[in-house]
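Here is how the chains run, residue by residue.
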Amino acid sequence: MKNRCYCKILDNIEIAPSIHKIEMERVDGLGNIKPGQFLHIKCSDALLLRRPISISYAEKDKVGIVVRKAGEGTVSLCNRKKGEILDVLGPLGNGFTVNDGKRVIVIGGGIGTAPLLELVKNLEEKDVTVLVGYKDMPYLVDDFKKYVKVVDVATEDGSVGYKGYVTDLLKAKLENDGADIIYSCGPEVMLKKVQKIAKEYKVKVQLSIEERMACGVGACLVCTCKVKSEDGVKQVRTCKDGPVFWGDEVMLGE
Amino acid sequence: MVNKIDMSVDLNGLVLNNPVTVASGTFGFGREYGEYIDLNKIGAIAVKGLTLEERQGNPTPRVVETPMGMLNSVGLQNPGVDYFIKEELPYLSSYDTKIIANINGNTIYEYCKLAEKLSNTAVDALELNISCPNVKEGGVAFGRDPDMVYKVTKKVKENTDKYLIVKLSPNVADIKEIGASAESGGANCLSLINTLIGMGIDIEKQKPILARGIGGLSGPAVKPVAVRMVYEVSKAVNIPIIGMGGIMNYQDAVEFFLAGAWTVAVGTANFVNPMVSIEILEGIEEYLKRKGYSSIKALVGQLKF
Ligand SMILES: Cc1cc2nc3c(=O)[nH]c(=O)nc-3n(C[C@H](O)[C@H](O)[C@H](O)COP(=O)(O)OP(=O)(O)OC[C@H]3O[C@@H](n4cnc5c(N)ncnc54)[C@H](O)[C@@H]3O)c2cc1C
Ligand SMILES: Cc1cc2nc3c(=O)[nH]c(=O)nc-3n(C[C@H](O)[C@H](O)[C@H](O)COP(=O)(O)O)c2cc1C
Ligand code: FES
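The residue numbers shown here count from 1 along each chain, following its written sequence. Chains and ligands are labelled by the order in which they are written, letters from A for the one and numbers from 1 for the other. Owing to the predicted nature of the model, reporting of local features is limited to residues with pLDDT of at least 70; listing and counting of side-chain atom pairs is limited to 80 or more, with chain, interface and lining totals taken over all residues. Based on all heavy atoms of the structure, the side-chain values leave hydrogens and waters out of the count.

Participant: How should the overall build of chain A be read in this particular structure?
Facilitator: The number of helices and strands found in chain A is five helices and 17 strands. The globule rule used here is 2.2 Å times the number of residues to the 0.38 power, and the radius of gyration it is set against is calculated over C-alpha atoms. In terms of C-alpha radius of gyration, chain A reaches 18 Å, essentially the compact-globule figure of 18 Å for 254 residues. Expressed as lengths along the three principal axes of its C-alpha atoms, the size of chain A is roughly 50 × 45 × 35 Å. Put simply, 60% of the contacts in chain A that link residues at least 6 apart link residues at least 24 apart. When the accessible surface of chain A is split by element, carbon and sulfur atoms take 47% of a total near 11400 Å². Here a helix means four or more residues in a row that DSSP labels H or I, a strand means two or more in a row labelled E, and each is numbered from the N terminus. Any two residues whose heavy atoms approach within 4.5 Å are treated as being in contact. For the area figures, the Shrake-Rupley method with a 1.4 Å probe applies, and any residue is considered shielded solely by the protein chains shown.

In structure tokens:
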């Protein structure tokens, strides 16, 4: 049976302004972890609901998450200290499908780069290009470089790498080299562009999307999103049926 | 010290192994939480609100966290009653727990149709939801008018042999009156409370956070209201009550029993801790032992004034 897990925080460091990397003990209860899955974390006793946070990387004895201070929940999570215990449900969600195609593009934006790290680790023996975009200060770039040679960075203000949107890099890469599959996670505007570009170039794409959640396990139906299916448009659960969807099916912000 | 505690409850015809159930809409059709707990161990499962046709529900965002509570505006998304009977009920029936089908109509006719369709199935009881705040028609509009409550209860009762629970809305001036109407209409049992209508506003965008604007408030924030209402209604009617609203632990549940509930339902707390219903059941048992009760029945309505 699945269980609620209690994981000790092994480390918590600020890797960029308002971005924390938190490493916790990988207790047995967490079981197998697929790239793209998330944890549902009780961030503070003062808040009722849990918060969904992607698993950024998983090792034999530890699990890492990367958290952006967005509001009360994530701020208190980032303030948790080494040695404290986190109340965690997971791993939850479906995760990325990793056996498709040889030439792979992994494209992330902002905090959406976090779950892509575990994905990239699982793409050994493939020809992988990582494209990551940030507003200003990049993070996790060196972590990606441990697993892949090509990591191209874009920043909106041009402080590091290409000046502009990471989706510009995607277009250029597809124009020059093509790809068999694209994996992406990031803000909705970016995912929409990625979805459109993938369609233009006829490349399969998987998108990891966000929706506000309550239960995280598929019981409450507050987190639904729309997907196209054979019998029309269907409402499915982002937490259980996603958060990863095929780009030609999921309807973003509609 | 008493050793063996009788945890079974006879709700005047519907017998539960124990008094801890889960609230409609917070437990899906059982499958998801079946991965975390043994469903045989809870007294009953009230399934997600059913309608005649499949419903897509409201647009997202459908949830807002509030101080010790949450607002939801799911809007009765469900696959429809026929799908439920065919695809979900067999799974639930394989467990030794009672199944309560929560039904929702736009008209009295629809409630009756739903009751008819469920009459020859393995469902143990029907729960008439006349209190959903998240749909335009039916729902809470029914639950506010004592005459309508009487009529819809009576009509449904005529169309089914199933045990009938009527679920009351807290969004009324006098809940005693509504409870009494349901009783005279033929309800076997009452359940309360459904969610309180609320709203959350994003002050940066100066817009409501929920796509639909308003939603139903649940969780610890509503408990005092719920306990008061269970207390009031239990004095006004002679049928059993299933109490719910903000139950997070056994202490909360005990409050409801003392106020007059025969059985409790756990809702929002499941989202926080999937194992909570079992923990609450164990807590109640220990409490009864500690206080020297030999059965859960003995605790009901024992509030001392
Ligand atoms: C599958 C999934 C994976 C995620 N992975 C990460 C990650 O790895 N790192 C990270 O920093 N963030 C991640 N997020 C976003 C993160 O969950 C939100 O930033 C966080 O819930 C905000 O909570 P808060 O209390 O800090 O903010 P508030 O704005 O105060 O939150 C209020 C409510 O809104 C909800 N909410 C607000 N923003 C979001 C959002 N973008 N997505 C979902 N719910 C939201 C909260 O859960 C909460 O219920 C992920 C979201 C999802 C759905
Ligand atoms: C997400 C959600 C969905 C709900 N859906 C239904 C429903 O379909 N039918 C119903 O009668 N009540 C529904 N309810 C109300 C609950 O069954 C319960 O009455 C209420 O949440 C109060 O209990 P709680 O505070 O323990 O959650 C829903 C509540 C929530 C939070
Ligand atoms: S968050 Fe409850 S169903 Fe997805």
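More follows now that the structure is in view.
Participant: Looking at this structure, I do not really get the interface of chain B and chain A. What am I missing?
Facilitator: The partner chain A presents 31 residues to the 35 residues of chain B that form the contact. The buried area of a pairing is the accessible area, by a 1.4 Å probe, that goes missing from both parts when the two are put together, added over both. In this assembly, chain B packs against chain A so that about 2700 Å² is buried in total across both faces, 59% of it on carbon and sulfur atoms. If you sort the residues of chain B by the area they bury against chain A, Tyr 36, Glu 65 and Val 272 of chain B come out on top, with a joint share of 24%. When a carboxyl oxygen of Asp or Glu is within 4 Å of a side-chain nitrogen of Lys or Arg, the pair counts as a salt bridge. Between chain B and chain A we count four salt bridges in total. Note that Lys 2 of chain A is salt-bridged to Glu 35 of chain B, the shortest N-O span being 2.7 Å.

Participant: I keep staring at the UniProt feature "binding site: [2Fe-2S] cluster" (unreviewed entry) in chain A and nothing clicks. Help me out?
Facilitator: UniProt positions are given in the numbering used here, feature names are shortened, and annotations may be inferred rather than shown by experiment. What UniProt calls "binding site: [2Fe-2S] cluster" (unreviewed entry) maps, in this numbering, to Cys 215, Cys 220, Cys 223 and Cys 239 of chain A. A maximum C-alpha distance of 10.1 Å places the annotated residues, which cover 25 residues in sequence, within one compact spot. Within the element layout of this structure, Cys 215 of chain A appears in the loop between strand S13 (204-208) and strand S14 (224-229). Owing to a relative accessible area of 1%, Cys 215 of chain A belongs among the buried residues under this scheme. In contact with Cys 215 of chain A, other than residues within four places in its own chain, are His 40 and Cys 220 of chain A together with Tyr 33 and Phe 271 of chain B. For the exposure calls, accessible area comes from a 1.4 Å probe over protein chains only, and a residue counts as buried if that area is under 20% of its type's maximum, exposed if over 50%, partly exposed in between.

Participant: Would you mind showing me how to read the domain arrangement of chain A here?
Facilitator: By a frequent convention, interface size equals the accessible area lost on bringing the separate parts together. All names here are of chain A. Where each domain begins and ends follows an automated or database-derived domain assignment. Domains assigned within chain A are domain 1 (4-92), domain 2 (96-208) and domain 3 (212-254). One C-alpha centre belongs to domain 2, the other to domain 3; they are set 22 Å apart. Taken together, the contacts link 13 residues of domain 2 with eight residues of domain 3. With both chains or domains summed, domain 2 and domain 3 bury close to 930 Å², and 61% of this area falls on carbon and sulfur atoms. Per-residue buried area on domain 2 facing domain 3 is highest for Gln 195, Gln 206 and Leu 207; these three make up 43% of the total on that side. Applying the counting rule to domain 2 against domain 3 returns zero salt bridges. Identification of polar contacts relies on pairs of N or O atoms within 3.5 Å, with a donor-acceptor requirement for protein atoms, meaning one able to donate a hydrogen and the other able to accept it, and with residues adjacent in sequence counted only if both atoms are side-chain atoms. Between domain 2 and domain 3 we count four residue pairs in polar contact (both at pLDDT 80 or more) in total. Contributing elements (two or more residues each) for the side of domain 2 that touches domain 3: helix H5 (188-200) and S13. Looking at the side of domain 2 that touches domain 3, the element that brings in the most residues is S13, giving five residues.

Participant: For this particular structure, what's the right way to read the UniProt feature "binding site: FAD" (unreviewed entry) in chain A?
Facilitator: Residue and element names in this part refer to chain A. Following the UniProt record, one finds the feature "binding site: FAD" (unreviewed entry) at Arg 51, Pro 52, Ile 53, Ser 54, Gly 73 and Thr 74. Residue placement: Arg 51 occurs in strand S4 (residues 51-54). Its relative accessible area of 21% is what places Arg 51 among the partly exposed residues. A distance of 3.3 Å separates the side chain of Arg 51 from the backbone oxygen of Leu 49, its partner in a polar contact. Looking at the element boundaries, Gly 73 is found in helix H1 (residues 72-78). Gly 73 gets classed as buried once you look at its relative accessible area, which sits at 2%. With sequence-adjacent residues up to four places away left out, Gly 73 is seen in contact with Cys 43, Leu 47 and Arg 51.

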